[in-house]
Amino acid sequence: LIPCYATGRHSEKGFYASTIANLQKGRPRMWAPVAYAYFFTAVILRLLTKEARRYARLRTRFLAEGDDDDGPQARCSVVVERVPKALRSDDALTAYFRRLMGADAVHSA
């Protein structure tokens, strides 16, 4: 936009010669900032859309496969609160969840 502003014929001096202030009102060059704004907005929205899709793909893959450093226990851990007193030992809680979810679904308790 600076070349468009600098070649304007409003005869501004100094810094203002390279700003929109150097353009004459009602001239076709006044549409240059509008066109640039639409173009710039379209480019930014396109880049944001691509990044959002990439993030969703990577996030889905991470949730499905996990990180190389983490084991399955880190990906599938849950916090259990308000555990009844009868189930507050490791063995009792493990047996309870194995009965609910199946023997293969419980890593540890």
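Criteria and cut-off values
Starting afresh in each chain, residues are numbered from 1 along the sequence in its written order. Local features in this predicted model are restricted to residues whose pLDDT is 70 or higher, and side-chain atom pairs enter the listing and the counts only when it is 80 or higher, whereas totals over whole chains, interfaces and linings include all residues. Side-chain descriptors were evaluated using all non-hydrogen atoms of the structure, hydrogens and water having been removed beforehand. Secondary structure elements are taken from DSSP: a helix is a run of H or I of four residues or more, a strand is a run of E of two residues or more, and numbering for both begins at the N terminus. For this measure, only C-alpha atoms enter the radius of gyration; the expected value for a globule follows 2.2 Å times N^0.38, where N is the number of residues. Burial classes follow relative accessibility: with a 1.4 Å probe on protein chains only, a residue under 20% of its type's maximum area counts as buried, one over 50% as exposed, and anything between as partly exposed. In this description, contact between two residues means that some pair of their heavy atoms is separated by no more than 4.5 Å. The protein chains shown are the only cover counted for residues, whose accessible areas, like all others here, come from Shrake-Rupley with a 1.4 Å probe. In this tally, Asp and Glu contribute negative charge and Lys and Arg positive charge; neither His nor the terminal groups of the chain are included. A charged residue contributes its charge at one atom only: NZ of Lys, CZ of Arg, CG of Asp or CD of Glu. Take the residue count of a helix, subtract one, and multiply by 1.5 Å to get its expected span. In this scheme Phe, Tyr and Trp rings, the latter by its six-membered ring, pair at centre separations within 6.5 Å, and the angle between planes marks the pair as stacked below 30 degrees, edge-to-face above 60, and tilted otherwise.

Caption draft 1: Molecular detail of the overall build of the protein. Of the regular secondary structure elements, the protein holds four helices and zero strands. The order of α-helices and β-strands along the protein, N terminus first, is α-α-α-α. Relative to the compact-globule value of 13 Å for 109 residues, the protein shows a C-alpha radius of gyration of 31 Å, a clear excess of over 25%. Relative to its full complement of 109 residues, the protein shows a buried share of 12%. Excluding contacts between residues fewer than 6 apart, the proportion of contacts in the protein whose partners are at least 24 apart in sequence is 15%. Surface accessibility of the protein: about 9500 Å² in total, with carbon and sulfur atoms responsible for 58%. Of note, the protein has its 18 positive side-chain charges centred 18 Å away from the centre of its 11 negative side-chain charges.

Caption draft 2: Layout of helix α4 (residues 90-101). If you check α4, its first and last C-alpha atoms are 16 Å apart, about what 12 residues at 1.5 Å a residue would give, namely 16 Å. A positive phi of about 105 degrees marks Gly102, the residue just after α4.

Caption draft 3: Fine view of the packing of aromatic side chains. Taken as a whole, this structure holds two aromatic pairs when the rule is applied. Seen in terms of ring centroids, Tyr36 and Phe40 are 5.8 Å apart; in terms of plane orientation they differ by 20 degrees. Their pairing is stacked. Taken together, the residues Tyr36 and Phe40, both in helix α2 (residues 31-65) and four residues apart, mark about one turn of the helix. Overall, Phe40 belongs to the partly exposed group, its relative accessible area being 43%.

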